[in-house]
Amino acid sequence: MSPRVRLALVSLTQLLTAALLLGGCTKEEPASGALGTADERTLQKLRQEVDRVNQGGRPTPGPESTRGDPNAQLAGLAAGLDDAAPRRLELPESNATVHVDTVAVKLTGLESSHSVKGSGKLSMTTEELFLRVQLVTQNVGPAPVTMDWDAARVVGAREATYGIARDAQVLAGTRPLRRTWALEERSDVILMFELPPPALKEGDLQLVIPGTGGEVRIPLR
């Protein structure tokens, strides 16, 4: 797992409540008009924010409080999971079917997001981007064939390489990555990668799939 990836299971309300407890703030403290110090005014604002969020309000962004703190930045991303819908990316104009050994492969979908969700409430968040690559595959050979997608990778400009994001793949991708296609079997394959946002803006981004006859490349951008 990337060091910046954490399970998004911490609520903003809990973080703010902890800050209030550490600051020694209680309900019996003076009203905001009687607060004299900057610390007291800050604690009063934190208490008001907690009350507002507990009543169903949307958490207020706090860039100054999270700057330089990766865990706090991830908590902020996690707090907005319901609004952070995956972004669908346009497929490249040149999107021909390729063949990896006797399996025909075609790109059918691309999405990017800061978080992925599995079954139930389990989710994962990253400061980078998860890239979800969806492919349709079909065995067009004369016999069953086994394929192993574990070594698939995304290659960007200057041959920057990004392998399968293991935890994200288990959470939201195809499992297992090594399996056998029966004669004429057709199925979808979903691969999960993690890469920096600038990589998606560069013109040269390819999916590389190893096969017994050599590597096959599929343009993504």
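## Brief notes about the confidence of the model for the protein
Of all residues in the protein, 62% have pLDDT values of 70 or greater, and the mean over the chain is 77. The low-confidence segment residues 62-68, where pLDDT is below 50, has four contacts with residues more than four positions distant or belonging to other chains. Contacts of residues 72-83 to residues separated by more than four positions or lying in other chains number 25 contacts, the stretch itself having pLDDT below 50.

## Examining the sheet that holds strand β11 (residues 206-211)
Within a beta sheet, neighbouring strands are joined by backbone hydrogen bonds and run either parallel or antiparallel to one another. Pairing is antiparallel across the open sheet formed by four strands, whose spatial order is β8-β7-β11-β12. Edge strands, defined here as strands with exactly one partner in the open sheet, are β8 (161-163) and β12 (214-219). Ignoring strand direction, the axes of neighbouring strands in this sheet form an average angle of 30°. Alignment of strand β7 (residues 153-155) against β11, held across three bridges, turns out to be antiparallel. Each bridged residue has a counterpart across the sheet, and for arginine 153 the counterpart in β11 is valine 208.

## Points about the pairing of strand β10 (residues 186-195)
Across the ten residues that make up β10, a large majority, eight, are buried. Of the strand pairs in this sheet, strand β5 (residues 123-139) and β10 are connected by ten bridges, and their pairing is antiparallel. Along β10, the bridge assignment pairs leucine 135 with valine 189.

## Topic: the nonpolar core
Inside soluble globular proteins, nonpolar side chains tend to come together where they are buried. Counting 32 residues, the largest nonpolar core has Leu131, Val133, Trp149, Leu191 and Leu207 as its most contacted members. Listing elements by their share of this core, those giving two or more residues are β3 (98-100), β4 (103-117), β5, β6 (145-148), β10, α6 (197-201), β11 and β12. With sequence-adjacent residues up to four places away left out, leucine 131 is seen in contact with Leu89, Leu110, Glu111, Val154, Leu191, Met192, Phe193, Leu195, Leu200, Leu205 and Leu220. Val116, Met124, Ala165 and Met192 belong to the second-largest nonpolar core, a separate cluster that totals eight residues.

Reading guide: rules and limits
Residues numbered from 1 in each chain as written. Predicted model: local features only at pLDDT ≥ 70, side-chain atom pairs only at ≥ 80, totals over all residues. Heavy atoms only, no water. pLDDT = per-residue confidence, 0-100. Contact = heavy atoms within 4.5 Å. Pairing = 2+ DSSP bridges. Helix = DSSP H or I, 4+ residues; strand = E, 2+ residues; numbered from the N terminus. Axes fitted to C-alpha atoms, helices over the stretch in contact; angles between N-to-C directions. Buried < 20%, exposed > 50% of the residue type's maximum accessible area, 1.4 Å probe, protein only. Core = buried A, V, L, I, M, F, W, Y, C linked by side-chain atoms within 4.5 Å.

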